[in-house]
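Listed here are the chains, written in short residue letters.
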Amino acid sequence: MARATLTREEVLDAAASLVKQHGPAALTMRKLAAELGTAVTSIYWHVGNRESLLDALVERTVQDMGAILPIGRNPGDRIVSVARILRRELRERPHLIAMVHERGLTDRMFLPAQQALVHEVHAAGLRGARAADAVRAIQFQIIGFVLLERNRERSPAQSPAESELWDPTGAPHDPPLARALARPVDPERLFQLSVRALVQALLTPPGQPR
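Rules behind the numbers
- Residues numbered from 1 in each chain as written.
- Predicted model: local features only at pLDDT ≥ 70, side-chain atom pairs only at ≥ 80, totals over all residues.
- Heavy atoms only, no water.
- Patch = residues over 30% accessible without salt bridge, like charges linked within 9 Å, V, L, I, M, F, W, Y side chains within 5 Å.
- Areas by Shrake-Rupley, 256 points an atom, 1.4 Å probe, with all protein chains shown as cover.
- Salt bridge = Lys/Arg side-chain N within 4 Å of Asp/Glu carboxyl O.
- Helix = DSSP H or I, 4+ residues; strand = E, 2+ residues; numbered from the N terminus.
- Core = buried A, V, L, I, M, F, W, Y, C linked by side-chain atoms within 4.5 Å.
- Buried < 20%, exposed > 50% of the residue type's maximum accessible area, 1.4 Å probe, protein only.
- Contact = heavy atoms within 4.5 Å.
- Expected span 1.5 Å × (residues − 1).
- Bend = angle between axes of the 7 residues up to and from the residue.

Caption draft 1: A look at a nonpolar patch on the surface. Taken together, the side chains of Val185, Leu190 and Leu193 present a nonpolar region at the surface, about 240 Å² in accessible area. Counting through the fold element by element, Leu193 comes out in helix H11 (residues 187-203).

Caption draft 2: A look at the nonpolar core. Ranked by size, the top nonpolar core spans 52 residues in total, and within it Leu27, Leu32, Ile43, Leu53 and Leu57 carry the most contacts. The residues contacting Leu57, other than those within four sequence positions of it, are Leu12, Ala15, Ala16, Val19, Leu27, Leu96 and Met99.

Caption draft 3: Highlighting helix H7 (residues 106-123). Counted at 1.5 Å a residue, the expected span for H7 with its 18 residues is 26 Å, and the 26 Å between its end C-alpha atoms agrees. Taking the largest bend as the criterion, H7 deviates by roughly 35°, centred on Pro112. Residues of H7 that are buried include every one of Thr106, Met109, Phe110, Ala113, Ala116, Leu117, Glu120 and Val121, and no others. Turning to H7, the residues buried within the fold contact helix H4 (50-65), helix H5 (75-92), helix H6 (94-102), helix H8 (128-154) and H11. Where H7 terminates, the next one or two residues include Gly125, which has phi positive at roughly 100°.

Caption draft 4: Highlighting the pattern of salt bridges. Considering all chains together, one arrives at 15 salt bridges under this definition. Between Glu59 and Arg108 there is a salt bridge, and its shortest N-O distance comes to 2.5 Å. Of this pair, Glu59 sits in helix H4 while Arg108 sits in helix H7, and the two are 49 residues apart along the sequence. Two residues, Glu149 and Arg87, come together in a salt bridge whose shortest N-O distance is 2.8 Å. Separated by 62 residues along the polypeptide, Glu149 in helix H8 and Arg87 in helix H5 bring together distant segments of the chain. Three or more residues joined by partner-sharing salt bridges are found here, namely Arg84, Arg87, Arg91, Glu149, Glu153 and Glu188.

Pasting the structure below:
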């Protein structure tokens, strides 16, 4: 039995869930109607045709990516918090982010994050070209890290694996290093380490020790 009531937000929520799980190709009006327990005509009533639905999903993704609230006691900590939020959001919705990119809205999507970073580098005393370089360096670090993560996750099984290549007996000059490199990567730890090191270097005034 079809649902008596349905809202546009419920339609978009269900559509976004399908895209997140299976990609845009899996989003059909029939499948969406079945997911919501309603008639296809009801979907059309709320969001129009499939292209209109995809446009609405893209627009909502752009808006969601703009809801970044930095946290922390100082500019450095708040910048790291922006980086962590942005990485998490990019990883949680790769198919939706790809749709945004295909429609030429990537720069607009990243603008709120850039503005948050600008506010923090200003709070740290950076201005002008130096501030702009800091914002872009941090943004590139975040996006590049996410792309590398996804590439590693989707790559075929490696043979020999990193754990085999870094046999401690093959690196007698530094066995602890070899053992560490043979262990699985902890992406969250590595991300925070790299972002904090970059932020510290960018925010430290020239001539001062880092």
